[in-house]
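Architecture and fold: a report
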Amino acid sequence: MTDAQLIPLIDAQLPQTQCGQCGHPGCAPYAEAIAAGEAINHCVPGGQATIDALARLLDKPSLPLDPAYGVTPEHRLVAFIREDECIGCTKCIQACPVDAIVGAAKRMHTVIVDECTGCDLCVAPCPVDCIDMVAGPDIPMTWHRPDAAPLSANEAAAKARADKARARFEAHQAREAKRVAAKAASRPNAVIAAPKSAGAPDTSALMIAAALARSQLKKAQKQLAAQADNATLKARLPALEKAVIDAEAALAKAQAPASKRVRTTGDIS
Ligand code: SF4
Ligand code: SF4
């Protein structure tokens, strides 16, 4: 069998989380690496069931998951955005390999739970830490069976989910490739954006600062609710509250129309 024939068969065994925990930028690249001789025990979300399926396919001995790559979670996870804390920066949308987040710049974002693979790639880029990984639908990550018995409804749902994630990942990759090609093609004629005028301040940094201040205050309040006697936390609260007031005032001032902006002593240079 040629590599071109083998790679899709290997890829068909992988859970299509597209998380990169195997050290490759998606399941298909790991399938290519396996066809080229890489070990079969690097897929963390797939865990033992996927390794066993790969071993059967390739007629190799099975192995335990290599712990250097991580630990398989017990339950399928999905991302959850705390929408009241979202600042609409779009960083999570850009990070999602399967386009499972909807939203627009400066508008609240939401995860489409049915499309989320639980890859975790949107969590780190969020500047205000408003994305949690929570237990997802009660569908296993894998569907493999050592025998030819028909899949249970839950296993069939797991396979359908993986197939859909593969299609969405491929569509995402194709769109990104087009975007990069279009950008490269337009570069010789690119127009450099005019700098912002002094009368139109860039408010994005202030929005992030205000959201961060709110997020830190909320975290401290939550911790204090659980540890009412924590004197250190109690002592920090007034400063955190003041930070929120100051950050929101700075943002409101920057967002006010130029005619309404009041000059203060600090504005006069
Ligand atoms: S699910 Fe993640 S770890 Fe497994 S093959 Fe795909 S990208 Fe790699
Ligand atoms: S929403 Fe987050 S966790 Fe879910 S697939 Fe997209 S990047 Fe991964």
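For the structure itself, look to the data block above.
In short, a report on the structure. Note that the structure is a prediction, hence the values are computed from the model and not measured.

1. Let's talk about the side chain of R82
Locating R82 in the fold gives a position in the loop between β1 (77-81) and α4 (91-95). A polar atom in the side chain of R82 sits 2.7 Å from the backbone oxygen of D129.

2. Brief notes about the pattern of salt bridges
Summed over the entire model, instances satisfying the criterion amount to 11 salt bridges. R168 is the partner of E115 in a salt bridge, and the nearest nitrogen-oxygen pair spans 3.6 Å. With E115 in the loop between β3 (110-111) and β4 (131-135) and R168 in helix α5 (residues 153-186), the pair connects residues that are 53 residues apart, well separated along the chain. A residue is classified by how much of its surface remains accessible, and E115, at 15% relative accessible area, is buried. In this structure, a network of salt bridges that share partners links the residues D11, K159, D163 and R166.

3. Quick look at the site of ligand 2
The environment of ligand 2 is made up of A79, C96, P97, V98, I101, C116, T117, G118, C119, D120, C122 and M133. Counted by class, the shell around ligand 2 contains 9 nonpolar, 2 polar and 1 charged residues.

4. Here's the deal with the environment of A53
Within the secondary structure layout, A53 lies in helix α3 (residues 47-58). Its relative accessible area of 4% is what places A53 among the buried residues. In this structure, the C-alpha to C-alpha distance between A53 and Q13, residues 40 residues apart in sequence, is 6.7 Å. Contacts of A53, omitting those with residues within four sequence positions, involve Q13 and H144.

Rules of the game
Residues numbered from 1 in each chain as written. Chains lettered and ligands numbered in written order. Predicted model: local features only at pLDDT ≥ 70, side-chain atom pairs only at ≥ 80, totals over all residues. Heavy atoms only, no water. Helix = DSSP H or I, 4+ residues; strand = E, 2+ residues; numbered from the N terminus. Polar contact = N/O pair within 3.5 Å; in protein donor to acceptor, adjacent residues only side chain to side chain. Salt bridge = Lys/Arg side-chain N within 4 Å of Asp/Glu carboxyl O. Buried < 20%, exposed > 50% of the residue type's maximum accessible area, 1.4 Å probe, protein only. Near = heavy atom within 4 Å. Nonpolar A, V, L, I, M, F, W, Y, C, P; charged D, E, K, R; others polar. Contact = heavy atoms within 4.5 Å.

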